Amino acid sequence: MSPASRSGRLLYAQSGGVTAVINATAAGVIETARAKGVPVYAARNGILGALREDLIDTTKESKSAIAALRHTPGGAFGSCRYKLKSLEDNRAEYERLIEVLRAHDIRWFLYNGGNDSADTALKISQLGKAMGYDIHCIGVPKTVDNDLAVTDCCPGFGSVAKYTAVSVLEASLDVASMADTSTKVFVLEVMGRHAGWIAAAAGLAGEGPDAPPHVILFPENVFDEAAFLAKVKATVERVGWCTVVASEGVRDAAGRFLAEGGTRDAFGHAQLGGAASVLAQLVKDKLKYKVHWALPDYLQRSARHLASATDALQAYAVGRAAVEFALAGMNAVMPVIVRTSEAPYRWKIEPAELKKIANREKKLPKGFIRRDGFGITEAARRYLSPLIRGEAPPPYGKDGLPAYVALRNMAVARRLPAFP
């Protein structure tokens, strides 16, 4: 019997920070599985839902509700930041996952997330083999940070890149109009712990030495206070004002983040946020300029109203491909985006082994950062530009607000005892 004609269910789960288009991937998964006669369950709040046997029956959702996921931000089934330990450290968790999969005849598991999620999918695929349970695991790419290895870009990044570039452009017009008597320097902090892809996207807002952003601070470069202040000062004296974009992961020569709260998330990552305020205070104290700063935080990753059409299309495509790969019998792979042409921009989806992706991080290439360290090169512009192209606005209701969908998310009856 071929994999596609086997009986069984497919389990889909969302992981990590959500994006403006992760639900488009969910739509791609569910619509493709339905077309092939495969029922889909979703784990509530990511891998935690699988551990708790807290599953959602997506067959109870209407066709129109699933279709509306393509333009709805957030995580329709809930997400989580929860990293499974090694098999040696916590075998009970892995055995519980297999028990839940077995109890509900789940034969395909799709985990939609980033580096850590790829690692989880890989581990479960390995455990299935070790425990004699036939399960096909597919990692589905998602991250605004654009730092997954192998894939040309990550679904979610194109939309946050577009939001960032547009925000820099619009805020800079505001600053320019008031600079004579008000703010001289504007600092925008964007996401990006170790990889400066989002910061680089800000460079799409303008071209030339006098166009914003005038200064971009990348986590790939060591922060040089003197050079930074000199660049800001020179820009204000020449242009009359200055826009600065800083990645949250900017570090000093000692390797310390400019702003670190001292707390850590479930993955052990330092909780960041505050680099913009540190930089603003520095400019104010040293250069005596009036400064404003902004921290878009969740706004940048949830702005579905400003999504990139390219990004929305790719997000749906990886969901569709994930189901096709799973039903074809593939295991421990991820559908990745392959750029086949620069001009015109063309791409395709191919499978890549999870072991080549899990726990690896793709940083901004040196050739994408300008020689002075404060801007992007033409090579970066050629890479980034196609990813923010096109508009995919959501439908709007009579009240002037986007018409986003809220699913029923009806629970599947539990068959196992509660997991501690």
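Now for a look at the structure at hand. In this text the structure is predicted, and so the values were computed from the model without any measurement.

Rules behind the numbers
Residues numbered from 1 in each chain as written. Predicted model: local features only at pLDDT ≥ 70, side-chain atom pairs only at ≥ 80, totals over all residues. Heavy atoms only, no water. Helix = DSSP H or I, 4+ residues; strand = E, 2+ residues; numbered from the N terminus. Rg over C-alpha atoms; globule rule 2.2 N^0.38 Å. Buried < 20%, exposed > 50% of the residue type's maximum accessible area, 1.4 Å probe, protein only. Contact = heavy atoms within 4.5 Å. Areas by Shrake-Rupley, 256 points an atom, 1.4 Å probe, with all protein chains shown as cover. Lys, Arg positive; Asp, Glu negative; His and termini not counted. Charge placed at Lys NZ, Arg CZ, Asp CG, Glu CD. Pairing = 2+ DSSP bridges. Axes fitted to C-alpha atoms, helices over the stretch in contact; angles between N-to-C directions. Parallel < 35°, antiparallel > 145°, perpendicular 65-115°, else oblique. 1 Å grid on protein atoms, 1.4 Å probe; cavity = no way out; pocket = protein on both sides within 12 Å on 5 of 7 lines; lining within 4 Å. Points joined across faces, edges and corners; volume = space filled by probe spheres on them. Nonpolar A, V, L, I, M, F, W, Y, C, P; charged D, E, K, R; others polar. Core = buried A, V, L, I, M, F, W, Y, C linked by side-chain atoms within 4.5 Å. Salt bridge = Lys/Arg side-chain N within 4 Å of Asp/Glu carboxyl O. Polar contact = N/O pair within 3.5 Å; in protein donor to acceptor, adjacent residues only side chain to side chain.

1. Brief notes about the overall build of the protein chain
Item 1. Across its full length, the protein chain carries twelve helices and 13 strands.
Item 2. Taking 22 Å as the expected radius of gyration for a compact globule of 420 residues, we find that the protein chain reaches 23 Å, a close match to that expectation.
Item 3. Reported as C-alpha extents along the three principal axes, the dimensions of the protein chain are approximately 70 × 50 × 40 Å.
Item 4. Across the 420 residues of the protein chain, 57% fall into the buried class.
Item 5. Taking as baseline every contact in the protein chain between residues at least 6 positions apart, the subset at least 24 positions apart corresponds to 78%.
Item 6. For the protein chain, the exposed surface amounts to about 17,400 Å²; the carbon and sulfur share of it is 52%.
Item 7. When the 53 basic and 43 acidic side-chain charges of the protein chain are each reduced to a single mean position, those positions are 3 Å apart.

2. Examining the sheet that holds strand 6 (residues 185-190)
Item 1. The four strands lie next to each other as 7-8-6-11, forming an open sheet whose pairing is parallel. Two strands close off the open sheet at either side, each with one partner strand: strand 7 (215-217) and strand 11 (291-294). Along the sheet, successive strands turn relative to each other by an average axial angle of 15°, direction set aside.
Item 2. Of the strand pairs in this sheet, strand 6 and strand 11 are connected by four bridges, and their pairing is parallel. Opposite Val 185, over in strand 11, you have Val 291 as the bridge partner.

3. Brief notes about the packing of helix 8 (residues 225-239) against helix 9 (residues 275-287)
Item 1. Running from amino to carboxyl end, helix 8 crosses helix 9 at an angle of 70°, the nearest separation of the two axes being 11 Å. Judged by the inter-axis angle, helix 8 sits roughly perpendicular to helix 9. For the pair formed by helix 8 and helix 9, the contact residues are Glu 225, Phe 228, Leu 229, Val 232 and Lys 233 on the first element and Leu 279, Leu 282, Val 283, Lys 286 and Leu 287 on the second.

4. Digging into the layout of surface pockets
Item 1. Taken as a whole, the second largest pocket encloses approximately 260 Å³ of empty space.
Item 2. Considering the residues around the second largest pocket, the lining is formed by 20 residues, among which Gly 208, Pro 213, Arg 370, Ile 376 and Arg 381 are closest to the centre.
Item 3. Counting residues per element, the ones that place at least two in the lining of the second largest pocket are helix 8 and helix 12 (378-384).
Item 4. Ranked by the residues each element gives to the lining of the second largest pocket, the list is headed by helix 8, at three residues.
Item 5. When its residues are assigned to classes, the lining of the second largest pocket shows seven nonpolar, seven polar and six charged.

5. As for unusual backbone geometry
Note on backbone geometry: most residues besides glycine have negative phi, and most peptide bonds are trans.
Item 1. Note that the residue after Pro 212, namely Pro 213, is joined by a cis bond; omega there is -5°.
Item 2. Turning to its location among the elements, Pro 213 is positioned in the loop between helix 7 (197-201) and strand 7.
Item 3. Here the residue pair Ala 343 and Pro 344 is connected by a cis peptide bond, since its omega of 0° sits within 30 degrees of zero.
Item 4. The topology assignment puts Pro 344 in the loop between strand 12 (333-341) and strand 13 (346-353).
Item 5. Even without being a glycine, Ala 332 presents a positive backbone phi close to 55°.
Item 6. As for its placement among the helices and strands, Ala 332 is situated in the loop between helix 11 (309-327) and strand 12.

6. Focus: the nonpolar core
Note on soluble globular proteins: their nonpolar side chains tend to be buried together.
Item 1. Counting residues in hydrophobic clusters, the biggest one holds 69 residues, and the most contacted among them are Leu 10, Tyr 12, Phe 77, Leu 110, Phe 157, Phe 218 and Leu 384.
Item 2. Per-element accounting of this core gives the leading share, eight residues, to helix 11.
Item 3. Those residues in contact with Leu 10, other than ones at most four positions away along the chain, are Val 29, Val 38, Pro 39, Val 40, Tyr 41, Ile 106, Trp 108, Leu 110 and Val 323.
Item 4. Formed by 37 residues, the second largest nonpolar core is a distinct cluster that contains Ala 43, Ile 106, Leu 127 and Ile 357.

7. Some remarks on the pattern of salt bridges
Any two side chains of opposite charge can pair, on the condition that their charged atoms come close.
Item 1. Under the counting rule described, the total for this entry stands at 20 salt bridges.
Item 2. The salt bridge involving Arg 256 is made with Asp 252; its shortest N-O contact spans 3.1 Å.
Item 3. Its relative accessible area of 53% is what places Arg 256 among the exposed residues.
Item 4. Two residues, Asp 372 and Arg 370, come together in a salt bridge whose shortest N-O distance is 3.0 Å.
Item 5. One connected set of salt bridges, linked through shared partners, spans Lys 83, Asp 116, Asp 119 and Lys 123.

8. So, the side chain of Thr 151
Item 1. Considering the arrangement of structural elements, one finds Thr 151 in the loop between strand 5 (136-141) and helix 6 (157-178).
Item 2. Overall, Thr 151 belongs to the buried group, its relative accessible area being 1%.
Item 3. Of the polar contacts made by the side chain of Thr 151, one reaches the backbone oxygen of Cys 153; its length is 2.8 Å.
Item 4. Here Thr 151 is in contact with Val 336, Ile 337 and Lys 362, once residues within four sequence places are set aside.

9. Concerning the environment of Lys 284
Item 1. Position of Lys 284 among the secondary structure elements: in helix 9.
Item 2. Accessibility expressed as a relative area gives 48% for Lys 284, which makes it partly exposed.
Item 3. Along the sequence, Lys 284 and Val 185 sit 99 residues apart, while their C-alpha atoms lie 9.2 Å from each other.
Item 4. Non-local contacts of Lys 284, meaning those with residues more than four positions away in its chain, are made with Tyr 289 and Val 291.

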